[in-house]
Amino acid sequence: TYTYFFFVLQVLFEHEGVFIHSSPDESEGQDLISGFLRIIDKVWVLSVALFLARGQPDFCLFDCVKDSSSVVEWTQSSEDNPHRPIDHQLSYETEWDMINAVSFRRKVHAHGDGGSNHTNDRNRWAFSFNVCDLRSITVKCEGWSYITFHLKDGTALPAIHFHQGGSTAFLDSLRKSVQINDKRNHLKIFIYKFKKDPYTTTLGGFSKVTNYLFDAFRVPELEYHQRPAEEVADLLGEIIPGLEINQQEEPGFEVITRLDLGPRPEVQRRGPVTMEEWAKYQDSEGRITNVPHLKDLILKGGLCHAVRREAWKFLLCYFPWNSTHEERKLLQKRKTDEYFRMKLQWKSVSEEQERRNSRLRDYRSLIEKDVNRTDRNNKFYEGLDNPGLILLHDILMTYCMYDFDLGYVQGMSDLLSPILFVMENEVDAFWCFVSFMDEVHENFEEQMQGMKTQLIQLSTLLRLLDLAFWNYLEAQDSGYLYFCFRWLLIRFKRELHFQDVLRLWEVMWTRLPCQNFHLLVCCAILDSEKQKIMDRKYGFNEILKHINELSMKLDIEEILSKSEAICMQIKNCKDLPHSVSEILGLNTVTEPSAALETSEYGILESPQTSPRSTHRQDHVVSNGHSHLKETTHNGCKVAFIS
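First, a word on what this report is: a plain description of the structure on this page. None of these values were measured; they are calculated from a predicted model.

Criteria and thresholds
Residues numbered from 1 in each chain as written. Predicted model: local features only at pLDDT ≥ 70, side-chain atom pairs only at ≥ 80, totals over all residues. Heavy atoms only, no water. Helix = DSSP H or I, 4+ residues; strand = E, 2+ residues; numbered from the N terminus. Buried < 20%, exposed > 50% of the residue type's maximum accessible area, 1.4 Å probe, protein only. Contact = heavy atoms within 4.5 Å. Areas by Shrake-Rupley, 256 points an atom, 1.4 Å probe, with all protein chains shown as cover. Phe/Tyr/Trp six-rings, centres within 6.5 Å; stacked < 30°, edge-to-face > 60°. Lys NZ or Arg CZ within 6 Å of the ring centre and 35° of its normal. Salt bridge = Lys/Arg side-chain N within 4 Å of Asp/Glu carboxyl O.

### Quick word on the overall build of the protein chain
And then number 1: Scanning the protein chain from terminus to terminus reveals 23 helices and 17 strands.
And then number 2: A total of 642 residues make up the protein chain; the buried ones form 54% of that total.
And then number 3: Looking at the protein chain alone, contacts between residues at least 24 apart form 69% of all its contacts between residues at least 6 apart.
And then number 4: When the accessible area of the protein chain is evaluated, it comes to approximately 29300 Å², of which 49% is carbon and sulfur surface.

Here it is as structure tokens:
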């Protein structure tokens, strides 16, 4: 058995039944805002958070998207509510209401704004802060006790009232992590004992070795010191066995020497594909025409948010590009039935049955923990008992029925969250997620073969692009590029702002301008940072720390431009090493009998002249120590190197 722990959040303290008084004047009628207080250890970063209890059975959430003119209203299904919206009564899901707990209802507003005022009023009282940003705490003990947090930037957060006790237990728990000086009910935060550790922050939470990682890097005292770089490199080498391959000496690997790649071309980005442009690529029956050119446009500028809900279904091979409107309706009906049959399997398991099924029980436990901490700062998922979290939970549980061998591994919720955000539909989100998981399945398998392969391929590309920089990293025991692990595992989900993740993923799903384009995205980021790393003579520890601190500071348009330019530069290179051509799919052999369309980048598109196929075929061709694995799934042909 194995477990992935991805960005482990440990709740050190939790107390329900705390209140915020909406009016500071006790003579006025008080509106008590209830919630619960937590102290959370976010992998060596301690935080305090107030979560609010939900006061209404139904509430509204809206997409925080500039180009979206709609909001999503969550509605809880109820057996005693026969009056349902007409669109719900006519949906394919109606017959599955017995296990369908959440539905969507769209509301249109003039400028994309709108939503529930009472939700926004309540949510404005919630807060979260890192303890390192806390200056002092004021405590009142007479009558109902309350505490007030004062931050270093001068912010005084609303007073937290403990009507049912618990303030002492909260402070006692906080004292275990920080030193507090008591000065007449004004507690001064003196020393912040938690230190950021580049190893546990970069790699912490990955795979079955997480506990070993923490034990290896955590020091006995709270004083911070660094292990020697060579020792840490050896430990990391043991964590992902197989990456200690010396590609220049190992038989079967091609030795890459310095090549003249020529100048790197300039690449211009365009605006996202609009609804009007998308409509121009559909014929009268709904078939998508000139798919290669449309994909080129998506590569160059992505999609406006209004198009994503439909376009992602094609990019993720849920809908065949040549299907008609009617064919897609029939497909959705069939896939809806298939989804709810699988959902019913785990929904109908009794508590007694589950006690005898440890794997299902463990999957459910992991999913419940992960769902409650996935994108909670996004309005689509924020708040206590958010119905969006119910959908995340249900889709992930159903995926366990779809692929019980893999089940659920921590990190998969990060891949589902943006898809559900865009789809706004449980069934569509599930099948798009299935397709995405088919691409990254090996990342989450026990042997982590996908991660090993990608890190070796990335090292090969980096050596080609900048041998001097690669040699520098190698000299700092960083040649295995462990600091890119998080990037590759969940496709930059934690490195970019949420909207930038949507843009990057839809570009990658075009499979343009080459295979494994995400590896060139890694190269583009490293290319932008290499001068700083080398000029400042960063060592192993500093490199890990520097790369980790790039999170949420990356410009997605600049990265995509540079990534595409690197691809064009490599393609223009004469005598390109065979291993590089294989990684990027530049010499993929296709069947000559097939009628193929060619995109601007020479990528061959499989024709879609038959109904959508759900049959998968794997063709493996031996090539030294590498394998070219061509998989046909949902009407899309993709080649993978393993």
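Next comes the rest of the write-up.
### Notes on the environment of Glu 310
And then number 1: Tracing the backbone through its elements, the reader meets Glu 310 in helix α9 (residues 305–315).
And then number 2: Between the C-alpha atoms of Glu 310 and Trp 278, which are 32 residues apart in sequence, the distance is 9.8 Å.
And then number 3: Filtering out sequence-adjacent residues up to four positions away, Glu 310 remains in contact with Trp 278, Gln 282 and Arg 328.

### Looking at the packing of aromatic side chains
Describing an aromatic ring pair means giving the distance of the ring centres and the angle of the ring planes.
And then number 1: The tally for this structure, following the rule as stated, stands at 26 aromatic pairs.
And then number 2: Ring geometry for Phe 380 against Phe 421: centres 5.4 Å apart, planes inclined by 75 degrees, an arrangement best described as edge-to-face. Of the two residues, Phe 380 is situated in the loop between α12 (358–371) and α13 (387–402) and Phe 421 in helix α14 (residues 412–423); the sequence distance between them amounts to 41 residues.
And then number 3: According to the relative accessible area criterion, Phe 421 is buried, its value standing at 1%.
And then number 4: Three or more aromatic residues joined by ring pairs make a cluster, and in this case those are Tyr 339, Phe 340, Tyr 399, Tyr 402, Phe 430, Trp 431 and Phe 433.
And then number 5: A cation over a ring is seen here: Lys 335 above Trp 431, with NZ or CZ 3.7 Å from the ring centre.
And then number 6: A cation sits over an aromatic face here: Arg 463 above Trp 470, 5.2 Å from the ring centre.

### With respect to the pattern of salt bridges
And then number 1: Inspection of every chain in the model, using the stated rule, returns 30 salt bridges.
And then number 2: Put simply, Glu 354 and Arg 364 hold a salt bridge, and the shortest N to O gap is 2.9 Å. Here Arg 364 lies in helix α12 and Glu 354 lies in helix α11 (residues 351–355), a separation of ten residues in the sequence. Each member of the pair, Glu 354 as well as Arg 364, carries the same accessibility label: buried.
And then number 3: Taking the shortest distance from any N to any O, the salt bridge between Lys 530 and Asp 527 comes out at 3.2 Å. Taken together, the positions of Lys 530 and Asp 527, both in helix α20 (residues 517–535) and three residues apart, correspond to about one turn of that helix.
And then number 4: According to the relative accessible area criterion, Lys 530 is buried, its value standing at 17%.
And then number 5: Beyond isolated ion pairs, a larger network of salt bridges with shared partners links Arg 264, Asp 466, Asp 527, Lys 530 and Lys 562.

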